[in-house]
Amino acid sequence: MVGFVRILVAITLLVSVQHNTHFCAQIQLQNVTRLCHTRSMVTVNGKFPGPRIVAREGDRLLIKVTNHVSNNITIHWHGIRQLRSGWADGPAYVTQCPIQTGQSYVYNYTVIRQRGTLFWHAHISWLRASLYGPLIILPKLNVPYPFTKPYKEVPIIFGEWFNTDPEAIIAQATQTGGGPNVSDAYTFNGLPGPLYNCSAKDTLKLKVKQAKTYLLRLINAALNDELFFSIANHTLTVVEADAIYTKPFDTETLILAPGQTTNVLLKTKLKFPGASFVMSARPYVTGQGTFDNSTVAGILEYESSIPMKNLPLFKPALPPLNDTSFVTQFSNRLRSLASAQFPANVPQKIDRHLFFTVGLGTSPCEKNKTCQGPNGTRFAASINNVSFVQPSVALLQSHYSGQSEGVYSPYFPITPLHWFNYTGTPPNNTFVSNGTKLMVLPFNTSVELVLQDTSILGVESHPLHLHGFNFFVVGQGFGNYDPNKDPKNFNLVDPIERNTVGVPSGGWVAIRFLADNPGVWFMHCHLEVHTNWGLKMAWLVLDGKLPNQKLLPPPVDLPKC
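Residues numbered from 1 in each chain as written. Predicted model: local features only at pLDDT ≥ 70, side-chain atom pairs only at ≥ 80, totals over all residues. Heavy atoms only, no water.

Visitor: Mind laying out the environment of R333, listing which residues take part and the relevant values?
Guide: By the element assignment, R333 lies in helix 3 (residues 324-333). With relative accessibility at 39%, the residue R333 sits in the partly exposed group. In this structure, the C-alpha to C-alpha distance between R333 and T246, residues 87 residues apart in sequence, is 9.7 Å. Those residues in contact with R333 that sit more than four places away from it in its chain are F249, D250 and T251. At 2.9 Å, the side chain of R333 and the backbone oxygen of D250 are in polar contact. (Helix = DSSP H or I, 4+ residues; strand = E, 2+ residues; numbered from the N terminus. Buried < 20%, exposed > 50% of the residue type's maximum accessible area, 1.4 Å probe, protein only. Contact = heavy atoms within 4.5 Å. Polar contact = N/O pair within 3.5 Å; in protein donor to acceptor, adjacent residues only side chain to side chain.)

Visitor: Residue-level account of the packing of aromatic side chains, with values.
Guide: Following the criterion strictly, the structure yields 33 aromatic pairs and no others. Here the aromatic rings of F420 and Y422 are separated by 4.9 Å at their centres, their planes lie at 70°, and the arrangement is edge-to-face. The exposure classification of F420 matches that of Y422, with both residues buried. One aromatic cluster in this structure is built from F355, W419, F420, Y422, Y481, F490 and W508. Directly above the ring of W161 sits R39, whose terminal nitrogen or CZ lies 5.2 Å from the centroid. (Phe/Tyr/Trp six-rings, centres within 6.5 Å; stacked < 30°, edge-to-face > 60°. Lys NZ or Arg CZ within 6 Å of the ring centre and 35° of its normal.)

Visitor: Residues and numbers for the pattern of salt bridges, please.
Guide: Applying the stated criterion to the full structure yields 13 salt bridges. Taking the shortest distance from any N to any O, the salt bridge between E57 and R115 comes out at 3.1 Å. Pair noted here: E57 is in the loop between strand 3 (53-56) and strand 4 (60-67) and R115 is in the loop between strand 6 (104-110) and strand 7 (116-122), with a separation of 58 residues, a long-range link. For R115, a relative accessible area of 15% gives the class buried. (Salt bridge = Lys/Arg side-chain N within 4 Å of Asp/Glu carboxyl O.)

Visitor: Quick rundown of the sheet that holds strand 5 (residues 75-78)? Include the residues and the values.
Guide: Strands sit in the order 3-8-7-5 across an open sheet of four strands; the sheet is mixed. Of all strands in the sheet, those bounded by a partner on one side alone are strand 3 and strand 5. If you compare each strand with its neighbour and ignore which way they point, the axes differ by 20° on average. Sheet topology note: the strand 7/strand 8 (residues 132-138) ladder contains six bridges and is antiparallel. Considered in strand 8, the bridge of W120 is made with G133. (Pairing = 2+ DSSP bridges. Axes fitted to C-alpha atoms, helices over the stretch in contact; angles between N-to-C directions.)

Visitor: Explain unusual backbone geometry to me, and be specific about the residues and the numbers.
Guide: Residues F48 and P49 are joined by a peptide bond in cis, for which omega reads -10°. Note that P49 resides in the loop between strand 2 (37-44) and strand 3. The phi angle at A211 is positive, at roughly 60°, despite the residue not being glycine. Relative to the helices and strands, A211 is located in the loop between strand 11 (205-208) and strand 12 (213-220). The exposure class assigned to A211 is partly exposed, which follows from its relative accessible area of 45%.

Visitor: Describe the state of the cysteines, with residues and values.
Guide: Every disulfide links exactly two cysteines, by a covalent bond between their sulfur atoms. By the definition in use, this model includes three disulfides. Sulfur-sulfur distance for the disulfide between C36 and C198 comes to 1.8 Å. Torsion about the S-S bond of the C36 and C198 cystine: about 65°, corresponding to right-handed handedness. With C36 in the loop between strand 1 (20-34) and strand 2 and C198 in the loop between strand 10 (185-188) and strand 11, this pair connects stretches of sequence that are 162 residues apart. C36 sits in the exposed class, given a relative accessible area of 56%. (Disulfide = S-S within 2.5 Å.)

Visitor: Could you give an account of the environment of L540, with specific residues and numbers?
Guide: The residue L540 is located in strand 33 (residues 536-541) in this model. In this structure the C-alpha to C-alpha distance between L540 and N517, which are 23 residues apart in sequence, comes to 9.6 Å.

So this is what it looks like as structure tokens:
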């Protein structure tokens, strides 16, 4: 009988561990040295990058974040849908007030119908420069991947290293109205690699066995840069993007915008190659501003029973910095798996057609002040010429408590107020308007949204991230979107489904999604500098009629402003 009870207890523990993933995140300062510069930086549990969090599809995650630093903190679980659990989404002053010094908050959410590579990061100011880490959602137990089972899985998270405090950099740029200083290096798993001064010892080395298949989980957590990635003399097979299985395809090079993830299979060589291979990443650049023109490198090394020294080192050929043609071709190759087990449920009938311009602009300089933006103005950015003003209380709380008056307007424009040749000669007036405006959608509204880049201050690629939803990328093109011609070429069968999409430089992208998740959901450019300048807005999805279509009440420990 005692043995039976022990077995029963063991089974119960197994079940509870399988379904509840507990994690404690202590926000603390840690001295970190790279490029011969030591900085005291904000970290989770003293680690840079932060720890890997692993769960399974269907698991409930309970992540207690305790703030031991002077900065306000929030954490976003990038790509998690947060069905009815918007209180756990994380963007500061959108779904929650920040966690203040000495306070804690439990992010409590369940992973529903999702599996794959995502990541977590701070979602306040520029703190995600050091507060980020992989969030790996494994398939349910005994559910295989729809591709070759890998011998080993390796997360590689791209980041940026700053020799000075990123908080001081953005504070100075906000004060002057100019562009912020750029990073000093890119990193793989926090390591810049041998191409930077004083950095050879801080190099990611990936040791592999021959004739094996490895799953590389690639994550771009960089602050402000889209990045090309390649491994010399190796072909990679793309099998997943933004935690959605894709139709597999082979490529030598990938492009990842900040906020995007891509899983690739790396099939190692059948025999010992007698060489090592560089894996590297460098930026894809479309804007007019300054950028970090450097390259992060790691080394792919084959294991050998005989110690090998002075092996030849092969380097990959990455595309030119401004290779929009490659980026377009790569994007067009991404297709949802669209199988019976993993269908692509693209909305076919559309309730709301929306058209948003995205791009840079300016704001006038304050009186008796000199600003460092274009022609003495301040840099700004907007969606439909509305530059988002961050409220001082959280939007979701304001909506839920019925106290939205004076906090936000529910009348975000469905199209630009003034038409112009969006990708042609820019208008003389580059000033943006300012406001905290939300787009209100009834529950289960099917939405088609066209995002149009503008040439105000020059065309530029903008990686747009939508919280609370995945969307289908049904079409994209260059120039101005033509509502009469372009929809005829939309892919409504197997378009890629993702949470972050690059609006092409000087072009447009069309996405579709179903507003089946009640709450307030942030949408913003994932280039942190553009978010700072106001390239952001929020959607308010109303409750449905049924109990399971309503936002759950706020948790008791929700931080206060």
